[in-house]
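Remarks on the overall topology
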Amino acid sequence: SGIVALADALNFNGVLKNINLLGNYITVEGVAPLLKLFRERRHMESLCGFKPDQTVANFAGWRLGPADAMLIGADLEFNGVLKTL
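Before going into details, it helps to say that this report is about the structure given with it. (Residues numbered from 1 in each chain as written. Predicted model: local features only at pLDDT ≥ 70, side-chain atom pairs only at ≥ 80, totals over all residues. Heavy atoms only, no water.)

1. Thoughts on helix α3 (residues 66-78)
- Helix length check: α3, at 13 residues, gives a terminal C-alpha distance of 19 Å against a target of 18 Å (1.5 Å per residue), a fit within 8%.
- Lining the buried residues of α3 we find α2 (28-40). (Helix = DSSP H or I, 4+ residues; strand = E, 2+ residues; numbered from the N terminus. Expected span 1.5 Å × (residues − 1). Contact = heavy atoms within 4.5 Å.)

2. Quick notes on the packing of α2 against α3
- Running from N to C, α2 and α3 cross one another at 10°; their axes reach a closest spacing of 9 Å. Comparing their axes, α3 and α2 come out roughly parallel. Judged by residue contacts, V28, V31, L35, F38 and R39 of α2 engage P66, A67, M70, L71, A74, D75, E77 and F78 from α3. (Axes fitted to C-alpha atoms, helices over the stretch in contact; angles between N-to-C directions. Parallel < 35°, antiparallel > 145°, perpendicular 65-115°, else oblique.)

3. Some thoughts on the environment of G80
- Structurally, G80 can be placed in the segment after α3.
- Residues G80 and W62, spaced 18 residues apart in sequence, show a C-alpha to C-alpha distance of 23 Å.

4. What to know about unusual backbone geometry
- For Y25, which is not a glycine, the phi torsion comes out positive at approximately 55°.
- The phi angle at R63 is positive, at roughly 55°, despite the residue not being glycine.
- The residue R63 is located in the loop between α2 and α3 in this model.

5. Observations regarding the nonpolar core
- By size, the foremost hydrophobic cluster in this structure holds 23 residues, and its most contacted members are L21, L34, L47, F50 and L71.
- Elements that contribute at least two residues to this core include exactly α1 (2-12), α2 and α3.
- Per-element accounting of this core gives the leading share, five residues, to α2.
- Beyond its immediate stretch of four places on either side in the chain, F50 contacts N18, A57, F59, I72, D75, N79, L82 and L85. (Core = buried A, V, L, I, M, F, W, Y, C linked by side-chain atoms within 4.5 Å. Buried < 20%, exposed > 50% of the residue type's maximum accessible area, 1.4 Å probe, protein only.)

6. A few points about α1
- Residues of α1 that are buried: I3, A7 and L10. Down the axis of α1, the buried side of the element spans an arc of 65°, and every buried residue falls inside it. Those residues of α1 that are exposed and aimed more than 90 degrees away from the buried face are G2 and F12.
- Of the surrounding elements, those touching the buried residues of α1 are α2. (Arc of directions from axis to C-beta.)

This is how it looks when you write it as structure tokens:
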């Protein structure tokens, strides 16, 4: 599937640091390989487009789903700066 291909590509790309996958209707099952990659290979800073010094994120009106919440949660594990969602 497309999401597995994306996870494979991100696994071998050491240059891309930040990508915003929110709002792409990824399933909970589909987000699993991305989360595994993000947690194991720490070359990426964000799967949600968060900047390293970003302190506020507003997703009002984005119509985010469960997989989006999982992506945000993974980002928050490693982002010690973001204070307000």
